[in-house]
Amino acid sequence: GLLDPDDVVEEQFVAIRRGEPGKRCPRSMDQNAPKLADLGMDSVGVGHDNLLQTMMAAMLRLAMMMLNDEVNILRQVPLFSSIDPCRLKKLAFSSHRQHFEAGEELFHQGDDADHAYIIISGNASVMTDGADGPTRIAEIPAGNIVGEIALLCGGSRRATVQALDSMDVLAI
């Protein structure tokens, strides 16, 4: 299964006290420090040296939650639905989220293919340039992937994809 952020935090984060990397910070050294539990958050002390450790642990938890969210987004796309979860996690790790406002282009016809985009929210318009100007050939709703053909087959984009409304995507 996917990693539990708390397990990762417990195994990976150690305090660096007095130049002794790798030595765990004894909680007894910060007995008088305010506790995150007092703030309704966690039981790790927020003393001098624990503040950095606590912030790093929170950032790792957030990153792990986002990674798990992105794996779940990938799983919903038929192209990726049968791929091993470990491989999906690697793909999700190398992806990034982007936001487009209505009218912004994800890519333009003729551009080199560098990413495919999974639409998380919003809708996209697919258009081709012709002698009479741009022609809309499709509207793509959330939960679909765009730009994968040029990326997988190589070459340039065969169409322009534009956000119809505020849109969030996962670029892979």
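Refer to the structure printed above.
What comes next concerns the included structure. (Residues numbered from 1 in each chain as written. Predicted model: local features only at pLDDT ≥ 70, side-chain atom pairs only at ≥ 80, totals over all residues. Heavy atoms only, no water.)

### Section: the sheet that holds strand β3 (residues 117-121)
Step number 1: The sheet built from four strands is open, its strands ordered β1-β8-β3-β6 with antiparallel pairing. The open sheet terminates on both sides in strands that have one partner only, identified here as β1 (96-100) and β6 (145-146).
Step number 2: The sheet contact formed by β3 and β6 spans two bridges and is antiparallel. Across the sheet, the residue bridging to Tyr117 is Val146, located in β6. (Pairing = 2+ DSSP bridges. Helix = DSSP H or I, 4+ residues; strand = E, 2+ residues; numbered from the N terminus.)

### A look at the pairing of β3
Step number 1: Across four bridges, β3 lies against strand β8 (residues 167-171) in antiparallel orientation. Pairing of Ile118 across the sheet is with Leu170, part of β8.

### A look at the sheet that holds strand β4 (residues 124-130)
Strand pairing within a sheet occurs via backbone hydrogen bonds; the two strands may be parallel or antiparallel.
Step number 1: Spatial ordering of the open sheet is given by β2-β7-β4-β5, a layout of four strands whose pairing is antiparallel. Only two strands of the sheet have a single partner each, and these edge strands are β2 (105-107) and β5 (133-140). Between one strand axis and the next, the sheet turns by 30° as a mean value, whatever way the strands run.
Step number 2: Alignment of β4 against strand β7 (residues 160-163), held across four bridges, turns out to be antiparallel. Residue pairing in the sheet places Met127 in a bridge with Thr160 of β7. (Axes fitted to C-alpha atoms, helices over the stretch in contact; angles between N-to-C directions.)

### Some remarks on a nonpolar patch on the surface
Step number 1: Among the surface-exposed residues, Leu62, Met65 and Met66 lie close enough to one another that they form a single nonpolar patch of about 280 Å² accessible area.
Step number 2: Within the fold, Leu62 resides in helix α2 (residues 48-76). (Patch = residues over 30% accessible without salt bridge, like charges linked within 9 Å, V, L, I, M, F, W, Y side chains within 5 Å. Areas by Shrake-Rupley, 256 points an atom, 1.4 Å probe, with all protein chains shown as cover. Salt bridge = Lys/Arg side-chain N within 4 Å of Asp/Glu carboxyl O.)

### Section: the nonpolar core
Step number 1: One finds Leu106, Tyr117, Ile119, Val146, Val161, Met167 and Val169 to be the most contacted residues of the largest nonpolar core, which totals 15 residues.
Step number 2: Among the elements that make up this core, the one with the highest residue count is β8 (three residues).
Step number 3: The contacts of Val161, once residues within four sequence positions are left out, are Glu104, Glu105, Leu106, Phe107, Ala124, Ser125, Val126 and Val146. (Core = buried A, V, L, I, M, F, W, Y, C linked by side-chain atoms within 4.5 Å. Buried < 20%, exposed > 50% of the residue type's maximum accessible area, 1.4 Å probe, protein only. Contact = heavy atoms within 4.5 Å.)

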